[in-house]
Amino acid sequence: MAAIGASGFLASGLSPFCQRRTNSYGGTQKRFRVLAVSTERIERGTSLGENGRYEKKKKLQKMMKEETEVKPNIYANPEEIPEVEEGKKRLKDYFEECKEMIRSDGGPPRWFSPLECSSSSPDCPLLLFLPGIDGTGLGLIMHHHKLGKMFNIWCLHIPVKDRTSFAELVKLVERTVRSENYRSPNRPIYLVGESPGACIALSVAARNPEIDLVLVLSNPATSFSKSHLQPLIPLLEITPDQFPLNLPYMLSLAAADPLRMLMDNVVKIGPLPQTIAELSEDLVTMSSYLPVLADILPRETLRWKLNLLKSGSANANSSLHAVKAQMLILCSGRDQLLPSQEESQRIQKALPNCEIRTFEENGHFLFLEDNFDLVTIIKGATFYRHGKHYDCVSDYKPPTPSEFKKVYESFRWIATATGPVMLSTLGDGKVVRGLAGIPSEGPVLFVGYHMLLGVDIIPFVAQLLIERNILVRGIAHPAMFVRLKDRKPPEPEPSDYDVIRVMGAVPVSAANFYKLMSSKSHALLYPGGVREALHRKGEEYKLFWPERSEFVRMASRFGAKIVPFGVVGEDDFAEIIFDYNDQIKIPGRREEIEQITDRVAKLRTDATGEVANQQMHLPWMMPKFPGRFYYYFGKPIETEGMKMELREKEKSHELYLQIKSEVERCIGYLKEKREKDPYRNILSRFLYRASHGSTSPCEIPTFELS
């Protein structure tokens, strides 16, 4: 079995997941009333019993009803999808909630569950939010609307006047973790910690290595001894009470430049008056809530919190070696409170199961910035799971419309440059423009030619969602999923592949192929894999498939429809001038390529011939004046009822050769027909769009079908 081999090169270095606020849902929203309850009360409230069985029955009936209904295509018009999802709260909502919460504050630290997160299923994993220096527990307020669909969320609230020690806070969280693990021992518990909350999460994880914990840590305060905050402790001790040290200093450290933070929260593609209006609104909001910030962090509380940070940092660092939990560190490039980037690297070197995601343009309070989406980051890193291990089918969450919009806009230039022509074949054999011939019901397996660098994947996946509301799951090379700690250039960062994972790619394996087919998914497979996508000079449109079938019998086991397809156009965009055979003549280059290949999971180690040459390298290319991409999806091949027949190797091999021959026929057809396309050149397409308005690149005319 082979995989998507090189599409990751294109995604490398691109970060489409940053939100911009619009007016669509930006108005004043009715505040929820935060319900503060004890751990014991939550346990009673979430127990199943008869009510739980009734809820499960209602959920099953709802799912059956939804399956029979025709669902609208939520991806049909990416340009019209709001940039901010409905229900997302804003910075001013954070201040409003804080004001309401501290108005009658008192008592010990306790858990509360946001009311807008109450719609989550009891089967969802538990997420415990451990707050930052504010202690309110509302730090995730801008993410509740999405987190609540995936997690049961409890937030820790530490009252302003509370003076609970760090050790006692650790014990409080630990009791909750152990209690919930006892109730659901096979389900992970997520600890999302911000700054001092991250220190609590690390300490709890170190004390409970046997419990399945997933740590998501934002700018951990384990580097407190190296921060700009440490000198504040003696300064607070000796400075007169009348001197307003706390508030101005904390504001100056919020994001190095408060005005920049506000500007980042309103930058968007939109009219200037709208941007100015929102900026003015935010400035007024910030100024009007300065007293709230002063109430959250009065002088004595600030002094207490800084000492808490000091003890928490020392405690977490002393037990860091004992942490075994899966960990994702989110670090800000403009963190003025802590040296977060250096600290994240230090922690990663010390812990074997740690990953990092860096956000260069963000400040310390990462969760309160509009251009940060926690759910997307968790999904892209494949950190969302219900059991001991991530399952590519049951744990996968399809992209939301806003997530797809970000991906679409990031790669829109490819569709504009390539003007893709997509042809499909109906059941009666008629070839039509568009993707009407693609079967709606799965399982469906697309099998085709892997063009240079795999750049052909992007327009196809996007157009299939837009036109047919079908998400295709790419079966990809393991290199896109290997978590390398000691990355060496030119190896890509792990985050470079997050967009591919959000869009549904899975690592190639027989087990994952089985899961996709059994779940009736639409899957995409390239038998030629890396050898085809990173081919040599003069090998355009040549198939490098294995000698024997790798997928036919598995597909037939589930009665899958196999759609062979061809794609051409790479020779209209670039010419390889320095391929693998040329590169290995450079002293040391062969060894370098082999080292890179060996560091990722190697495929087809037992294969023979050219398909066994899976070297991970990047051909040197000379760009051409852009032409056009052409896709031709052949008539779906039915395997329903052929399970027993295709168990025979010879019969299976015959169908395999038929599919390969059909792919070659599709390629030949496109190479011949494109010669008659008056809009093959990008200049002619540009002129057509200029004269016909904002025509989609996929709707520009092409050759006549015959």
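The structure displayed is predicted, hence computed values, not measured ones. (Residues numbered from 1 in each chain as written. Predicted model: local features only at pLDDT ≥ 70, side-chain atom pairs only at ≥ 80, totals over all residues. Heavy atoms only, no water.)

### Digging into the overall build of the protein chain
- Looking only at helices and strands, one finds 26 helices and 19 strands in the protein chain.
- Counting only residues that meet the buried cut, the protein chain has 57% of its 706 residues in that class.
- By sequence separation, contacts in the protein chain at least 24 residues apart represent 85% of the contacts at least 6 residues apart. (Helix = DSSP H or I, 4+ residues; strand = E, 2+ residues; numbered from the N terminus. Buried < 20%, exposed > 50% of the residue type's maximum accessible area, 1.4 Å probe, protein only. Contact = heavy atoms within 4.5 Å.)

### Brief notes about the pattern of salt bridges
- Within the structure shown, the criterion is met by 27 salt bridges.
- Put simply, arginine 357 and glutamate 355 hold a salt bridge, and the shortest N to O gap is 3.1 Å. The burial state of arginine 357 is the same as that of glutamate 355; both residues are buried.
- Where aspartate 391 meets lysine 515, a salt bridge forms, and the shortest distance between an N and an O atom there is 3.2 Å. Taken together, the residues span a long stretch of sequence, with aspartate 391 in the loop between α15 (374-380) and α16 (401-410) and lysine 515 in helix α20 (residues 510-518) at a distance of 124 residues.
- Judged by relative accessible area, aspartate 391 falls into the buried class, the value being 19%.
- A network of salt bridges, in which partner residues are shared, links Glu85, Lys146, Asp373, Lys379 and Glu403. (Salt bridge = Lys/Arg side-chain N within 4 Å of Asp/Glu carboxyl O.)

### Here we look at helix α18 (residues 457-468)
- Look at α18: 16 Å from first C-alpha to last across twelve residues, which is about the 16 Å you get at 1.5 Å a residue.
- Burial within α18 is extensive, with nine of its twelve residues counted as buried.
- Regarding α18, the residues found buried are Ile457, Pro459, Phe460, Val461, Ala462, Gln463, Leu464, Leu465 and Ile466.
- The first or second residue beyond α18 is asparagine 469, which carries a positive phi of 60°. (Expected span 1.5 Å × (residues − 1).)

### Topic: the pairing of strand β12 (residues 472-476)
- Across the five residues that make up β12, a large majority, five, are buried.
- Alternating positions in β12 separate into two faces, Val472, Gly474 and Ala476 on one and Arg473 and Ile475 on the other, with burial throughout.
- With three bridges joining them, β12 and strand β14 (residues 522-525) adopt parallel strand pairing. Within the sheet, the bridge partner assigned to arginine 473 lies in β14 and is alanine 523.
- Of the pairings in the sheet, the one linking β12 to strand β13 (residues 506-507) comprises two bridges and is parallel in character. Of the residues in β13, the one forming a bridge with isoleucine 475 is valine 506. (Pairing = 2+ DSSP bridges.)

### Side note on the packing of aromatic side chains
- By the definition in use, this model includes 25 aromatic pairs.
- The interplanar angle of 55° and the centroid separation of 5.8 Å between the aromatic rings of tyrosine 449 and tyrosine 541 together place this pair among those described as tilted. With tyrosine 449 in the loop between β11 (444-448) and α18 and tyrosine 541 in the loop between α21 (529-533) and α22 (552-557), this pair connects stretches of sequence that are 92 residues apart.
- On the accessibility criterion, tyrosine 449 (0% relative accessible area) is buried.
- Considering the side-chain rings of phenylalanine 460 and phenylalanine 633, the 4.9 Å spacing of their centres and the 35° angle between planes classify their relative orientation as tilted. On the criterion of sequence distance, the pair formed by phenylalanine 460 in helix α18 and phenylalanine 633 in strand β18 (residues 630-633) is long-range, its members being 173 residues apart. Across the pair, exposure class does not vary: phenylalanine 460 and phenylalanine 633 are buried alike.
- Members of the aromatic cluster, each reached through a chain of ring pairs, are Phe446, Phe460, Tyr526, Phe565, Tyr631 and Phe633.
- Stacked on the ring of tyrosine 396, the Lys or Arg arginine 473 has its end atom at 4.0 Å from the ring centre.
- Sitting over the face of the ring of phenylalanine 544, arginine 531 holds its NZ or CZ atom 4.0 Å from the ring centroid. (Phe/Tyr/Trp six-rings, centres within 6.5 Å; stacked < 30°, edge-to-face > 60°. Lys NZ or Arg CZ within 6 Å of the ring centre and 35° of its normal.)

### Topic: the side chain of lysine 379
- If you trace the backbone, lysine 379 turns up in helix α15.
- Assessed through its relative accessible area of 9%, lysine 379 is described here as buried.
- Non-local contacts of lysine 379, meaning those with residues more than four positions away in its chain, are made with Met150, Lys397, Pro398, Pro399, Thr400, Glu403 and Val502.

### A closer look at a negative patch on the surface
- Among the surface-exposed residues, Glu645, Glu648, Glu650 and Glu654 lie close enough to one another that they form a single negatively charged patch.
- Here glutamate 648 lies in the loop between β19 (637-638) and α25 (649-673). (Patch = residues over 30% accessible without salt bridge, like charges linked within 9 Å, V, L, I, M, F, W, Y side chains within 5 Å. Areas by Shrake-Rupley, 256 points an atom, 1.4 Å probe, with all protein chains shown as cover. Lys, Arg positive; Asp, Glu negative; His and termini not counted. Charge placed at Lys NZ, Arg CZ, Asp CG, Glu CD.)

### A word on the environment of glycine 148
- Within the secondary structure, glycine 148 sits in the loop between α5 (144-147) and β4 (152-157).
- Considering only alpha carbons, one finds glycine 148 and glutamate 116, 32 residues apart in sequence, at a separation of 7.1 Å.

### Concerning the environment of leucine 169
- Inspection of the secondary structure puts leucine 169 in helix α6 (residues 166-183).
- Classification of leucine 169 as buried rests on a relative accessible area of 1%.
- For the pair formed by leucine 169 and isoleucine 200, sequence separation is 31 residues and the distance between their alpha carbons is 7.4 Å.
- Those residues in contact with leucine 169 that sit more than four places away from it in its chain are Pro109, Ile158, Thr164, Ile200 and Leu308.

### Brief notes about unusual backbone geometry
- Of note, the amide linkage connecting glycine 442 to proline 443 takes the cis form, showing an omega dihedral of 5°.
- Relative to the helices and strands, proline 443 resides in the loop between β10 (431-433) and β11.
- In this structure, leucine 453 is a non-glycine residue whose phi angle is positive, near 65°.
- Within the secondary structure, leucine 453 sits in the loop between β11 and α18.
- One non-glycine residue, asparagine 469, lies in the positive phi region at around 60°.
- In this fold, asparagine 469 is placed in the loop between α18 and β12.

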